[in-house]
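# Structural overview
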Amino acid sequence: MYTQIEIIYQAIEFMESHLRSRVTIAQIAEQSGYSLFYFIRTFNKVVQQTPYDYLVTRRVSEALKMITETDRRITDIALDFCFETPESFSRAFKRLFGVLPSLCRKGSMPEDVFPVPPRTLQDLQFINRSDFALPELVEFEEMTLIGLSSIIDAQDHGKGVDQTERLRMQLAGYLKERKTKIVSVWSYNDHRKQDFLFKGIATEKGIEAFPPLIIQRIPSGKYARIFCRANDQQAALHYLLYTWLPQNSCKQKYRFMIEEESENTNSEMERAIRIPVLMI
Amino acid sequence: MMQPVVSEEKQITLVGMNFYGDPFDARAGWDDENEIGHLWKRFMKFLSSHQRETMGKPQIFYEVHIYTAETREIGKFEVFVGVETDLAQLKTLPVELCVKVLPETRYAIFTFHGKEITTDWEKTLQDWLVTSGYESPYSYNFQYYDDRFKGLDGMDESSLDVYVPIIKTA
């Protein structure tokens, strides 16, 4: 017996396997065993997006990858992903990314255009937890951190976890006060397939750092912050980037994410994730 | 399998307001914050301030879901909420309202109680149609709200009738 979340995730997998072939929302609903009406309602509830929006977003995102990675004509790519005309593709593309597809050719891609990845089962479980709380916009002051930095293989999650743990252990060796809260700063760039991870502790402004320690300055400004469990950071970041920001007319200002231990030690939501945002 | 009551042929004329799109875009729960909830709020507010010009104080309310080719394709459909009216008696119609004339047809009437109301009852209707010897000649159905429906907070004690237009399969 599958849960509602698992049934909707199976529908997502079905959609993912039909990004380049014609499929109607009714066919996807039939696949799930739900009536069309109930499927639309349940999909919206579980994914926080309409099924048709999800399908178009993913088609346009995969088309973006093809535009940047191949020399295939944009007109042909539009047809590959089931858009009836190049114009309807351009409109959907511009609505999602804010630029025309022709401006995203290899080497000339704007820095802030990133494909939206497929939703994972963990993404859905995260936003449907009973203690899920919506993000909030919070003003933060500038923060100076001292710590260590490393490149993380974003493609290999298991390896990334090991690298993260190793960096934490290395940093612990340099810390005099063991109970100090460690702040992680993830700088990510989907085009380079690598994350840069910095782990450090808050320090005074203007302090000197000797190798291998480095100073990291976190700018002041508006941040979108969400609380999550320790193993839900990725799902929390996905939610912020691909659901909450577009629904709240916000854009990410810089491509980094800050992860801190929550001040509420009684809660299972022990991590606070925040990203710098710009109101559009 | 749930067995419905089959009605005589009748035509129903409604006056009310509508919405077209995916009503669960913002919220999908059984609360009044999705577009269907907003539509009801808009309609009820209008009714309470325009009772004399319209239809007095109605006790029975309808929520009609109308599906088109676009519903199958992209998931958008029409939701109409309203009350019954007599077209012949309708001398004027406030510009905020519109009229929906449902065709003369028989209906299969399903009654759902308590928690059943929030389940996939459309599947129940579809499954019944397959073996019933009837088919649905029109792509709509409607929910019939009377005093047995106790509101979203009293769902456990509520009953709701759902009407599906039917004809005998040839």
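Procedures and definitions
Residues numbered from 1 in each chain as written. Chains lettered and ligands numbered in written order. Predicted model: local features only at pLDDT ≥ 70, side-chain atom pairs only at ≥ 80, totals over all residues. Heavy atoms only, no water. Helix = DSSP H or I, 4+ residues; strand = E, 2+ residues; numbered from the N terminus. Rg over C-alpha atoms; globule rule 2.2 N^0.38 Å. Buried < 20%, exposed > 50% of the residue type's maximum accessible area, 1.4 Å probe, protein only. Contact = heavy atoms within 4.5 Å. Salt bridge = Lys/Arg side-chain N within 4 Å of Asp/Glu carboxyl O. Axes fitted to C-alpha atoms, helices over the stretch in contact; angles between N-to-C directions. Parallel < 35°, antiparallel > 145°, perpendicular 65-115°, else oblique. Nonpolar A, V, L, I, M, F, W, Y, C, P; charged D, E, K, R; others polar. Phe/Tyr/Trp six-rings, centres within 6.5 Å; stacked < 30°, edge-to-face > 60°.

Turning next to the overall build of chain A. Per the secondary structure count, chain A includes nine helices and nine strands. A compact globule built from 280 residues would reach a C-alpha radius of gyration of about 19 Å, and chain A, at 21 Å, matches this within 12%. Dimensions of chain A, computed from the C-alpha atoms along their principal axes, are close to 60 × 45 × 35 Å. For chain A, buried positions account for 49% of its 280 residues. A separation threshold of at least 6 residues defines the contact pool for chain A, and within that pool the share at least 24 residues apart is 71%.

Turning next to the pattern of salt bridges. The final tally for this structure, using the stated rule, is 20 salt bridges over all chains. When the shortest N-O distance is used, the salt bridge between A:Glu259 and A:Arg271 registers 2.8 Å. Of this pair, A:Glu259 sits in strand S8 (residues 256-261) while A:Arg271 sits in strand S9 (residues 271-279); the two residues are twelve residues apart in sequence, bridging distant segments of the chain. Residue classification places A:Glu259 among the buried residues on the basis of a relative accessible area of 7%. Its salt-bridge partner being B:Lys123, residue B:Asp127 comes within 3.2 Å of it at the nearest N-O pair. Of this pair, B:Asp127 and B:Lys123 both sit in helix H3 (residues 121-132), separated by four residues, roughly a single helical turn. When salt bridges that share partners are traced, they join A:Glu16, A:Arg58, A:Glu62 and A:Lys65 into one network.

Residues and elements named next belong to chain A. Where helix H1 (residues 4-16) meets helix H3 (residues 36-47), the closest approach of the two axes is 10 Å, and the angle between their N-to-C directions is 100 degrees. Taken as axis vectors, H1 and H3 run roughly perpendicular relative to one another. Of H3, the residues touching H1 (which contributes Gln 4, Ile 5, Ile 8, Ala 11, Ile 12 and Met 15) are Tyr 38, Phe 39, Thr 42, Phe 43, Lys 45, Val 46 and Val 47. Grouping the amino acids of the contact of H1 with H3 by side-chain chemistry returns ten nonpolar, two polar and one charged.

Turning our attention to the packing of aromatic side chains. Residues and elements named next belong to chain A. Evaluated as defined, the whole model comprises 29 aromatic pairs over all chains. A centroid spacing of 5.7 Å and a plane angle of 50 degrees characterise the contact between Phe 39 and Phe 43, whose relative ring orientation is tilted. Here Phe 39 pairs with Phe 43, and both are found in helix H3, just four residues apart, close to one helical turn. Residue Phe 39 shares its accessibility class with Phe 43, and that shared class is buried. Measuring from centroid to centroid gives 5.2 Å for Phe 132 and Tyr 239, while their planes differ by 85 degrees, and the two rings are edge-to-face. Of this pair, Phe 132 sits in the loop between helix H7 (121-127) and strand S1 (136-140) while Tyr 239 sits in helix H9 (residues 233-247), and the two are 107 residues apart along the sequence. Note on accessibility: Phe 132 and Tyr 239 belong to one class, buried.

This part is about the environment of A:Ala26. Note on placement: A:Ala26 falls in helix H2 (residues 25-32). Setting aside its immediate chain neighbours within four residues, A:Ala26 contacts A:Leu36 and B:Arg72.

What follows is about the environment of B:Val79. All names here are of chain B. Relative to the helices and strands, Val 79 resides in strand S4 (residues 77-84). Linking Val 79 and Tyr 20, residues 59 residues apart in sequence, is a C-alpha distance of 6.4 Å. Once residues within four sequence positions are removed from consideration, Val 79 is found in contact with Met 17, Asn 18, Phe 19, Pro 23, Ile 36, Leu 39, Glu 63, Val 64 and His 65.

Just geometry here; none of it tells us what the structure is for.
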